[in-house]
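Coordinate analysis (summary)
Listed below, chain by chain, are the residues.
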Amino acid sequence: MTQHSALIMKRTEPFDFYQPASLQEASRLLRENGPGGRFLAGGTDLVIAMKEKGLVPKYIVDLKRIAGLSGIREQGDGSITIGALTSMREIETSPLITKKYPFLSQSAAEVGSIQIRNRATVGGNMANATPSADVAPALIALDATAKIVGANGARTVPLEEFFRGPGQTVMSTDEILTELTISKTGPQLVGEYIKFSPREMMDLAYVGVAVAYNLGASDKKCESVRIVLGAVAPTPLRARRAEAALEGQVLTEVLAEKVAQIAAEEAKPISDVRSSADYRRAMVRAMTKRALLNAAVGPAQSWVERRERRY
Amino acid sequence: MNQRIRFTLNGRSVTREVATHRLLLDLLRDEIGVTGTKEGCGTGDCGACTVFLNGKPVNSCLVLSGELDGAEIVTIEGLKIGPELHPIQKTFLQDGGAQCGYCTPGMLMMSKALLDENPNPSEEEIRFALAGNLCRCTGYAKIVQAVQDAAAIMRSKTVP
């Protein structure tokens, strides 16, 4: 490669392009065309992989012409379904989500820029299975389930069990994630998501921490505790021992510190270009403690407040 | 693979044969010849290529032409109101909101998106909205000022 050509911006290579109108058709296209195909949702991971990482799909199946895959709906039983093609920006700004699960909105608001969030979809983000994905820990803290549709019908798996490793999920190549569901929660649920990265925006999480628990109105005890860590293991990780240490207890600063220490021990971080494993572990401890305490105080009202109370 | 698609660009209907893997940015600049939209990073970090796709600001460097059938696209060329510059364009000029000017089309599109949603943004809200638009001259103070001044003008009169 000459120096000149190295300066030219990368471009995508030609591929066959399909826009099926139904899930069955989409799934069939993958089976019939064989290996080398990719589903396209918002494209904010796929197109970048094609430009930067030399990914050359043989064909692309765009899911955006399939009706019913996007939008946020409250069901009759009080559960909330989020279509896989719902954009991060919709999750960030949805009146329903901002009211019921402000920390889930927060986690979506941490992704890229508004331009990216207008395109990036929650389903694409889950299917891409980046360990640092911001929304995954928040959704797992809400016990979300993932609906997957393929040739052999539909199945539902807890999102916690959806991820298998970086870029790896339980889905086979012709399966499509169609919907995420959050079961009905009580009015005592509180939560917080903290993304720790040196830059306030346009950065990937060094560490992400989502916490959720039911805070007893009178006895102030924490029940159904969820502590989920991002970017410190091959998949989003529930810190179960830390959860157990808080379960049924009244949260104090001392206890938050102790629980956070356990979470840090449960994390399995690696050292990479962003951070050393030791630093990540130390940040899990600091951020878990703050997340637990912040959740009890209530949601931040602005991104500035969100930033300030991380530190 | 080629596909015949139809979309609107700055209010005008366009029908063309496109290569489905072509990026919206390249379709605009190299094929249609509408060059106000710029390429900075090519990977969705800098915002120089921001256009409106179906009413929402997006990075045109990450949109495939194959996705565009039926789409509505507005570029910086569509920001003017008749022969008049949009108030955002006027205040960027007035306040020195552009230095080298390369990020400016993206900054203007994103500022419009912000002011359409929030007619009276605080400085923090402006910085949040423009987080995905990088100015390598680092002229952010004047950009923020220009958005605030445009907001004041737009609040004082009705602008489409």
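Residues numbered from 1 in each chain as written. Chains lettered and ligands numbered in written order. Predicted model: local features only at pLDDT ≥ 70, side-chain atom pairs only at ≥ 80, totals over all residues.

Concerning the overall build of chain A
As a reminder, the rule being used: By definition, any uninterrupted DSSP run of H or I lasting at least four residues is a helix, any uninterrupted run of E lasting at least two residues is a strand, and each is numbered from the N terminus. Restricting the calculation to C-alpha atoms gives the radius of gyration, and the globule rule supplies 2.2 Å times the number of residues raised to the power 0.38. To sort residues by exposure, count the other C-beta atoms lying within 10 Å of each residue's C-beta; 20 or more gives buried, 12 or fewer gives exposed, and values between give partly exposed, all with C-beta atoms placed from the backbone.
Each helix and strand in chain A was counted, giving 13 helices and 14 strands. Its C-alpha atoms give chain A a radius of gyration of 20 Å, within 12% of the compact-globule value 19 Å for 311 residues. A burial count over chain A gives 50% of its 311 residues as buried.

Description of the sheet that holds strand β3 (residues 59-62) of chain A
All names here are of chain A. This is how the line gets drawn: Here the rule is simple: two strands pair whenever DSSP picks up at least two bridges between them. Think of each axis as a best-fit line through the C-alpha atoms, taken over the contacting stretch in the case of a helix, with angles from 0 to 180 degrees between the N-to-C directions. Throughout, a residue-residue contact means that the two C-beta atoms, derived from backbone geometry, are no farther apart than 7 Å.
Ordered by their spatial adjacency, three strands build an open sheet running β1-β3-β2, and the pairing between neighbours is parallel. Of all strands in the sheet, those with a lone pairing partner are β1 (16-18) and β2 (37-40), marking the two edges. Between one strand axis and the next, the sheet turns by 20° as a mean value, whatever way the strands run. The pairing of β2 with β3 spans four bridges and is parallel. Bridge pairing in β3 links Gly37 to Tyr59. Here helix α2 (residues 23-33) sits on the sheet and contacts β1, β2 and β3; the angle it forms with β3, its principal contact strand, is near 170°.

Comments concerning the domain arrangement of chain A
Residues and elements named next belong to chain A. Our working rule: How far each domain reaches was decided by an automatic or database domain assignment.
Structurally, chain A comprises domain 1 (14-62), domain 2 (72-182) and domain 3 (189-297). Taken over C-alpha atoms, the centre of domain 1 sits 20 Å from the centre of domain 2. At the junction of the two partners, domain 1 supplies eleven residues and domain 2 supplies 16 residues.

Brief notes about the interface of chain B and chain A
Let me state the cut-off plainly: Under the scheme applied, nonpolar residues are Ala, Val, Leu, Ile, Met, Phe, Trp, Tyr, Cys and Pro; charged residues are Asp, Glu, Lys and Arg; polar residues are all the others, including Gly.
If you look at the interface, chain B gives 27 residues, while chain A gives 28 residues. If you list the elements that add at least two residues to the side of chain B that touches chain A, you get β4 (56-59) and α4 (123-129) of chain B. Here the side of chain B that touches chain A takes four residues from β4 of chain B, the largest share from any one element. In terms of residue class, the side of chain B that touches chain A is made up of eleven nonpolar, eleven polar and five charged.

As for the pairing of strand β13 (residues 222-230) of chain A
Residue and element names in this part refer to chain A. Within β13, seven of the nine residues are buried, which leaves it mostly tucked inside the rest of the structure. Taken together, the seven bridges between strand β12 (residues 207-215) and β13 define a ladder with antiparallel strand orientation. Looking at the pairing, Ala210 lines up with Val228 of β13. Connecting β12 to the antiparallel partner β13 that follows it, the hairpin turn spans six residues, and Lys220 within it adopts a positive phi of roughly 60°. The pairing of β13 with strand β14 (residues 237-238) spans two bridges and is antiparallel. The residue bridging Val228 from the neighbouring strand is Arg238, located in β14. Joining the antiparallel neighbours β13 and β14 is a turn of six residues, in which Ala231 adopts a positive phi near 70°.

Thoughts on the sheet that holds strand β4 (residues 72-74) of chain A
All names here are of chain A. With antiparallel pairing, the five strands of this open sheet are ordered in space as β4-β5-β10-β6-β7. Lying at the two open borders of the sheet, with one neighbouring strand each, are β4 and β7 (153-158). The sheet shows a mean angle of 25° between the axes of neighbouring strands, direction not considered. Direction of pairing for strand β6 (residues 145-150) relative to strand β10 (residues 176-182): antiparallel, over a ladder of five bridges. Of the residues in β10, the one forming a bridge with Val149 is Ile176.

Considering helix α5 (residues 140-156) of chain B
Residue and element names in this part refer to chain B. Selection criterion: Under the convention used throughout, the expected extent of a helix is 1.5 Å for every residue step, that is, one less than its residue count. Taking the helix axis as origin, the arc is that swept by the directions to the C-beta atoms.
Given a rise of 1.5 Å per residue, 17 residues ought to cover 24 Å, and the 25 Å separating the end C-alpha atoms of α5 matches this to within 8%. Residues of α5 that are buried include every one of Ile143, Val144, Ala146, Val147, Ala150 and Ala151, and no others. End-on, the buried residues of α5 take up no more than an arc of 155°, which puts them together on one face. Among the exposed residues of α5, those oriented more than 90 degrees off its buried face are Ala141 and Ser156. Against α2 (87-95), α3 (104-117) and α4 lie the buried residues of α5.

Re unusual backbone geometry
One non-glycine residue, Asp143 of chain A, lies in positive phi territory at about 55°. Relative to the helices and strands, Asp143 of chain A resides in the loop between α9 (135-141) and β6. Residue Asp143 of chain A is classed as partly exposed on the basis of its C-beta count, with 16 C-beta atoms lying within 10 Å. Of note in the backbone geometry, Asn10 of chain B takes a positive phi value of approximately 50° without being a glycine. Within the fold, Asn10 of chain B resides in the loop between β1 (2-9) and β2 (12-19).

Thoughts on the environment of Leu85 of chain B
Residue and element names in this part refer to chain B. Tracing the backbone shows Leu85 in the loop between β5 (72-74) and α2. Along the backbone, Leu85 and Cys61 are 24 residues apart, and their C-alpha atoms lie at a distance of 26 Å. Discounting residues that sit within four places of it in the chain, Leu85 has contacts with Lys80 and Lys90.

A closer look at the packing of α2 of chain B against α3 of chain B
Residues and elements named next belong to chain B. To be explicit about the condition: These descriptions rest on fixed angle ranges, namely under 35 degrees for roughly parallel, over 145 for roughly antiparallel, 65 to 115 for roughly perpendicular, and the rest for oblique. Left-handed describes a crossing whose near helix is turned anticlockwise from the far helix by less than a right angle; the clockwise case is right-handed.
At a minimum axis separation of 10 Å, α2 and α3 run at an interaxial angle of 130°. Between α2 and α3, the crossing angle belongs to the class labelled oblique. By crossing handedness, the relation of α2 to α3 is classed as right-handed. Residue-level contacts link Ile88, Gln89 and Phe92 of α2 to Thr104, Leu108, Ser111, Lys112 and Leu115 of α3. Broken down by class, the residue content of the contact of α2 with α3 amounts to four nonpolar, three polar and one charged.

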